[in-house]
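# Remarks on the overall topology
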Amino acid sequence: TISMIRKAKIAAAAAAAATTSSTIVTSSSSLSVILVSSLFHSPLFVHSFPTTTTSSGRRSQSSIPTFSPPSFSSSLPFFHNNNNHFKTVRNMSSASSQDATVNVAANIDFVKESMKDAISKREGDEDVRLVAVSKTKPVELLMEAYEAGQRAFGENYAQELLSKAATLPSDIRWHFIGPLQSNKAAALVKGVGLEKLACIETVSTIKLANKLNRAVATLHEDMDDEEEKKRLGIYLQVNTSGEESKSGVSPDEVSNLAVEISTNCPQLQILGLMTIGAPGDFTCFDSLVSCRTDVANALGLESEKSLELSMGMSGDFEEAIARGSTSVRVGSTIFGARDYSNLKK
């Protein structure tokens, strides 16, 4: 089963991992440690050093079991920070394993390895960001991910993000990836702050954009230094599946929305597009790629690659990468099954 195969892969990670994790996975043959600055679209400092082979030797593709969907084998080194993190690996297929220890560091290694392999199989040289989706998870688990090198985290609930951002290290960059009511926009922006709040990935109406724009403008009123007056990054959420249960602007309307926001909301920066898509329908990813081309043309951008594509989650992030994703949102594969019983709304 997928669960057994993933457990085997993660167990292998525990034995072989010995290097440091980073938030961004690159397609180069050398391992790059990315030091993320205040916003992920700010300049990045990159230090590269050659990839080394472990004492046990690099594993070949043929020796690693694959799973489907999607079917990508693993052949590249693991990223890891500290072998002391390796404990009992939780059975990720079972939400009832409440007492088992979640091995966050090993799970991140597994995801990073899978991402690296998927990147190597696609055309182009765009890097891919891993956003660790930590909704409903205690800060202790987030700190395990942080200590393993993870810096980009995703939250779905405004109040939970506010609480965690106030508690956890200040160099974490938070992605808000859930539905955001316009009446909570100002509190979220002001409470987290522009230094920590990397972006809102779920903007699909001009009403919400206007609220966010005013919230940022209000923050700027108290700033004397013009260089401190940063714009808030946003993604336009697109409903690529056409499902009524999914939020997002339609593919036909996303370009118009992008132009309206670009014209009327100077405090916002459109960083890219985001979609959830229908489970198993990978054409949703292709649709978002097409939307990016349309939006780039509508905004008069020199290159569509200046817009990111946030698509792919625990069950399909490898396929999303193969189809062009530059940012994947992975939760349960890293932190285990979610428990909503203690969620504060």
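### Focus: the confidence of the model for the chain
Should the pLDDT be low somewhere, the predicted coordinates at that spot are not to be read in detail. When the pLDDT values of the chain are averaged, the result is 78; 70% of them are 70 or greater. Low pLDDT (under 50) marks residues 13–21, which in the prediction has 28 contacts with non-local residues, meaning those over four places away or in another chain. Per-residue pLDDT stays below 50 along residues 28–100; that stretch engages in 181 contacts with residues further than four places along the chain or on separate chains.

### Remarks on the side chain of Ser-314
Position of Ser-314 among the secondary structure elements: in the loop between strand E10 (308–310) and helix H9 (317–322). Within the structure, Ser-314 has its side chain in polar contact with the backbone nitrogen of Gly-331 (distance 3.3 Å). Among the polar contacts made by the side chain of Ser-314, one reaches the side chain of Ser-332 at a distance of 3.5 Å.

### A word on helix H3 (residues 139–147)
Within H3 the residues assigned to the buried category are Leu-141, Leu-142, Glu-144, Ala-145 and Tyr-146. Buried residues belonging to H3 abut helix H2 (104–120), strand E5 (152–155), helix H4 (158–167), strand E6 (173–176) and helix H10 (332–335). Of the residues trailing H3, Gly-149 is marked for its positive phi of about 105 degrees.

### Looking at the side chain of Thr-326
Assignment of secondary structure puts Thr-326 in the loop between H9 and strand E11 (327–330). Overall, Thr-326 belongs to the buried group, its relative accessible area being 6%. Residues contacting Thr-326, with those up to four places away along its chain left out, are Glu-126, Asp-127, Val-128, Arg-129, Glu-308 and Leu-309.

### Here we look at the environment of Gly-154
Positionally, Gly-154 belongs in strand E5. Using a relative accessible area of 0% as the deciding quantity, one classes Gly-154 as buried. Between the C-alpha atom of Gly-154 and that of Trp-174, which follows or precedes it by 20 residues, the distance is 5.9 Å. If we skip the residues at most four places from it in the chain, Gly-154 touches Val-131, Ala-132, Val-133, Ser-134, Lys-135, His-175 and Ile-177.

What counts, and at which threshold
Residues numbered from 1 in each chain as written. Predicted model: local features only at pLDDT ≥ 70, side-chain atom pairs only at ≥ 80, totals over all residues. Heavy atoms only, no water. pLDDT = per-residue confidence, 0-100. Contact = heavy atoms within 4.5 Å. Helix = DSSP H or I, 4+ residues; strand = E, 2+ residues; numbered from the N terminus. Polar contact = N/O pair within 3.5 Å; in protein donor to acceptor, adjacent residues only side chain to side chain. Buried < 20%, exposed > 50% of the residue type's maximum accessible area, 1.4 Å probe, protein only.

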